[in-house]
Amino acid sequence: GAGVSQSPSNKVTEKGKDVELRCDPISGHTALYWYRQSLGQGLEFLIYFQGNSAPDKSGLPSDRFSAERTGGSVSTLTIQRTQQEDSAVYLCASSYRQGSTEAFFGQGTRLTVV
Amino acid sequence: DQQVKQNSPSLSVQEGRISILNCDYTNSMFDYFLWYKKYPAEGPTFLISISSIKDKNEDGRFTVFLNKSAKHLSLHIVPSQPGDSAVYFCAAGGRGSSNTGKLIFGQGTTLQVKP
């Protein structure tokens, strides 16, 4: 596709369950970001992948959160033992390279933990 | 530690007037800045950016101003249109060795343009 694709668009899960969120970046983009937006809040940085460099995981809120990027393309954000405070919109973005090039966002995955 | 701050959560302006959205940052290593617009249920979309070597960048109705000494940037929209009503986020990034290049976003400002 032409843009960043995220799946699923909506996910309702029970507290304590694990969830996986997927991001397909724009083809050829070397940088990939995960952010989340909780209700009424701004965009909170989670993790950043740039090419073959070690990812910047400084924004992950706890060790229940992890992400990987396979083959420099698709990325999966995994949340283990979900909690109600994990409920948010999880946004993925990609950019062509590190630097001033803008990042393009997907539509997001709305996660609701009940 | 909020490195990028948008202190006004909301702004309301009349159609045709100027909208000014403000953003402050604390990290002097940031050397490029961007503005994004977000409609409900959609991902943010890129509006305009500026490099730290410039103090102004203009694209149609949108102009971004950067004041490095004050660590402040602003987005001017003139004339404002009802379709501009959205949440606006500023973002900052750095290419220096001390920064991985990640983009840090502010909390957002909700702009309402009244007809």
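Description of the structure in this document. No experiment lies behind these values; they were computed from the predicted model shown.

About the cut-offs
- Residues numbered from 1 in each chain as written.
- Chains lettered and ligands numbered in written order.
- Predicted model: local features only at pLDDT ≥ 70, side-chain atom pairs only at ≥ 80, totals over all residues.
- Heavy atoms only, no water.
- Helix = DSSP H or I, 4+ residues; strand = E, 2+ residues; numbered from the N terminus.
- Rg over C-alpha atoms; globule rule 2.2 N^0.38 Å.
- Buried < 20%, exposed > 50% of the residue type's maximum accessible area, 1.4 Å probe, protein only.
- Contact = heavy atoms within 4.5 Å.
- Lys, Arg positive; Asp, Glu negative; His and termini not counted.
- Charge placed at Lys NZ, Arg CZ, Asp CG, Glu CD.
- Phe/Tyr/Trp six-rings, centres within 6.5 Å; stacked < 30°, edge-to-face > 60°.
- Buried area = accessible area lost by both parts, 1.4 Å probe.
- Salt bridge = Lys/Arg side-chain N within 4 Å of Asp/Glu carboxyl O.
- Polar contact = N/O pair within 3.5 Å; in protein donor to acceptor, adjacent residues only side chain to side chain.

Looking now at the overall build of chain A. If you tally the helices and strands in chain A, you get zero helices and 10 strands. Ordering the α and β elements of chain A from the N terminus gives β-β-β-β-β-β-β-β-β-β. Since a compact globule built from 114 residues should have a radius of gyration of about 13 Å, the 13 Å found for chain A is in line with a globular shape. Buried positions account for 50% of the 114 residues belonging to chain A. Look at the contacts in chain A between residues 6 or more apart in sequence, and 55% of them connect residues 24 or more apart. Here chain A contributes 11 positive and 11 negative side-chain charges, whose respective centroids are spaced 1 Å apart.

Moving on to the packing of aromatic side chains. In the structure shown here, the tally under the stated rule is 12 aromatic pairs over all chains. Considering the side-chain rings of Tyr33(A) and Tyr48(A), the 4.7 Å spacing of their centres and the 25° angle between planes classify their relative orientation as stacked. Taken as a pair, Tyr33(A) in strand S4 (residues 31-37) and Tyr48(A) in strand S5 (residues 44-50) lie far apart in primary sequence, 15 residues in all. Just as Tyr33(A) is buried, Tyr48(A) falls in that class too. Through a chain of ring-to-ring contacts, the aromatic side chains of Tyr33(A), Tyr35(A), Phe45(A), Tyr48(A), Phe105(A), Tyr36(B), Phe46(B), Phe89(B) and Phe105(B) assemble into a single cluster.

Let's shift gears to the interface of chain B and chain A. Taken together, the contact pairs 20 residues of chain B with 19 residues of chain A. Interface area, chain B with chain A, both sides summed: about 1600 Å², of which 58% is carbon and sulfur. Counting the contacts that link chain B with chain A gives one salt bridge. Here chain B is connected to chain A by four residue pairs in polar contact (both at pLDDT 80 or more).

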